[in-house]
Amino acid sequence: MQSSPLFLLLRTTVARHHWPASPRQVVRKISTEMIESGETFVSLSDGTQLPFHCRRSPVNMIIGHGLGAHPARKSWNADISYDIIDGAISRLPPGATSTSCRLDVSGSTPTKTAVFYTARGHGTSRGWEDSAAGEEEEGRGLTHRMFHWRNLAKDMLEVADLSGALKEEESFVAMGQSMGAATALYLAMDHPERIDGLVLMRAPRAWESRKIVASEGVRDAENFRRANPGTFHHLPLLGAWSGTDLPPKEDSGAYRRVQCPVLILSHGKDAAHPIDTGEALARLIPHAEFVTAEDESSARRTWPQEIANWLVKQNLV
């Protein structure tokens, strides 16, 4: 029988039990799918499936990318974060020589792992459209909230727990740029016990400056919807641009929940990711180190080594 392009060549589902501090038993399900295109997907608890890629690394990492102006064209490997983090891994001590890793389908992961994934609403992610279509029919209009940064942080944690790339409930370094940086920050606030370190590249506009451009996000999302009828890729623009923000600067308790060492990297000549945001976060977050570059070209050249040096200095390798 000839298979369609979406016919599954591999489907692995592993259910494992563990006993946490609570007496109630918890079931962990690892579910990955590989299709003929060669992409591997992780299935999240709400049915959304996200493409991901992992490579061996001396330190466990989960990396989130930025918001795409055309979300369907943005993916884990079509983002500045991929080049920078991949370069950082290559500069770490021996152990990062392989570009692939074996998924934890046998109960043990032989090496630490860096996981790059495509966020919901981007690239070939799928399943999230089902709830979008359902809410549109019901007239609820709430679906863009799934793209709020705090909700995207839940996705990042599920990628770690359900992809099989890490051991069960294993801690890791959360990394991201722009939308991915905000995602990683919220994850460190909400689950500090899981995060060994935090790398925030090109933190996006926040607070007062974000309110100023919120209307632009609404306008661009509507223009995108009209130009691309029958799709829901305007929702990431609506939710992750105009509909979300970092906790207020006055909420010092939110930022003090970040217990791990933090590296914040910003560069000049980038209105969408102002240095001011990085500077403010460095003041608000304990144990934060702030590094700047002149422009994007300088950042691409210097940040891989900056990140590698910082990981070593913090004894995370």
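Structure shown above.
S.K.: Can you help me understand the overall build of the protein in this one?
M.R.: A tally of helices and strands in the protein yields nine helices and ten strands. The buried share of the protein, reckoned over its 317 residues, is 53%. Long-range contacts, defined as pairs at least 24 residues apart, comprise 76% of the intrachain contacts of the protein with a sequence gap of at least 6. Summed over its atoms, the accessible surface of the protein is roughly 14300 Å², and 50% of this surface lies on carbon and sulfur atoms.

S.K.: Whenever I open this one, helix H3 (residues 149-162) confuses me. Can you help?
M.R.: Since there are 3.6 residues in each turn of an α-helix, residues three or four apart along the chain are aligned in direction. If you check H3, its first and last C-alpha atoms are 20 Å apart, about what 14 residues at 1.5 Å a residue would give, namely 20 Å. H3 sits mainly inside the fold: ten of its 14 residues count as buried. Every buried residue of H3 is accounted for by Trp149, Leu152, Ala153, Asp155, Met156, Leu157, Val159, Ala160, Asp161 and Leu162. Trailing H3 by a residue or two, Gly164 shows a phi angle of about 80 degrees, which is positive.

S.K.: Would you explain the side chain of Ser242 in this entry?
M.R.: On the secondary structure map, Ser242 appears in helix H6 (residues 234-242). A residue is classified by how much of its surface remains accessible, and Ser242, at 19% relative accessible area, is buried. Within the local environment of Ser242, its side chain forms a polar contact with the backbone oxygen of Leu238, the two atoms lying 2.8 Å apart. Filtering out sequence-adjacent residues up to four positions away, Ser242 remains in contact with Ala214, Gly217, Val218 and Leu237.

S.K.: Help me understand the packing of aromatic side chains in this model?
M.R.: Think of a pair of aromatic rings as described by two things: how far the centres are apart, and how the planes are tilted against each other in angle. Applying the stated criterion to the full structure yields four aromatic pairs. Centroid distance Trp76 to Phe116: 6.2 Å. Interplanar angle 35 degrees. Geometry classified as tilted. Here Trp76, found in the loop between strand E5 (61-64) and helix H1 (80-90), pairs with Phe116, found in strand E6 (residues 113-117); they are 40 residues apart in sequence, far enough to count as distant. Across the pair, exposure class does not vary: Trp76 and Phe116 are buried alike. Pairing Tyr82 with Phe116 gives two aromatic rings, centres 5.1 Å apart and planes at 70 degrees, and the pair type is edge-to-face. With Tyr82 in helix H1 and Phe116 in strand E6, this pair connects stretches of sequence that are 34 residues apart.

S.K.: What's the story with the pattern of salt bridges in this structure? I'm lost.
M.R.: Any two side chains of opposite charge can pair, given that their charged atoms come close. In this structure the tally under the stated criterion is 16 salt bridges. Its salt-bridge partner being Arg225, residue Glu222 comes within 2.6 Å of it at the nearest N-O pair. With Glu222 and Arg225 both in helix H5 (residues 208-227) and three residues apart, the pair spans about one turn of that helix. Since its relative accessible area comes to 26%, Glu222 is described here as partly exposed. With a shortest N-O distance of 3.9 Å, Lys269 and Glu294 are connected by a salt bridge. One end of the pair, Lys269, is in the loop between strand E9 (262-267) and helix H8 (275-284); the other, Glu294, is in the loop between strand E10 (288-293) and helix H9 (296-313), and 25 residues separate them in sequence. Across the pair, exposure class does not vary: Lys269 and Glu294 are exposed alike. Salt bridges sharing common partners tie together Asp83, Arg202, Asp270, Glu296 and Arg300.

S.K.: I'm lost on the pairing of strand E7 (residues 172-177) in this one. Help?
M.R.: Successive side chains on a regular strand alternate, one facing one side of the sheet and the next facing the other. Of all the six residues making up E7, six are buried; the element is thus mostly covered by neighbouring parts of the structure. Here E5 pairs with E7 via four bridges, running parallel. Each residue of the ladder has a partner; that of Ile62, found in E7, is Ala174. Two elements, E7 and strand E8 (residues 195-201), share six bridges in a ladder whose sense is parallel. Counterpart to Val173 in the pairing with E8 is Gly197.

Definitions and cut-offs
Residues numbered from 1 in each chain as written. Predicted model: local features only at pLDDT ≥ 70, side-chain atom pairs only at ≥ 80, totals over all residues. Heavy atoms only, no water. Helix = DSSP H or I, 4+ residues; strand = E, 2+ residues; numbered from the N terminus. Buried < 20%, exposed > 50% of the residue type's maximum accessible area, 1.4 Å probe, protein only. Contact = heavy atoms within 4.5 Å. Areas by Shrake-Rupley, 256 points an atom, 1.4 Å probe, with all protein chains shown as cover. Expected span 1.5 Å × (residues − 1). Polar contact = N/O pair within 3.5 Å; in protein donor to acceptor, adjacent residues only side chain to side chain. Phe/Tyr/Trp six-rings, centres within 6.5 Å; stacked < 30°, edge-to-face > 60°. Salt bridge = Lys/Arg side-chain N within 4 Å of Asp/Glu carboxyl O. Pairing = 2+ DSSP bridges.

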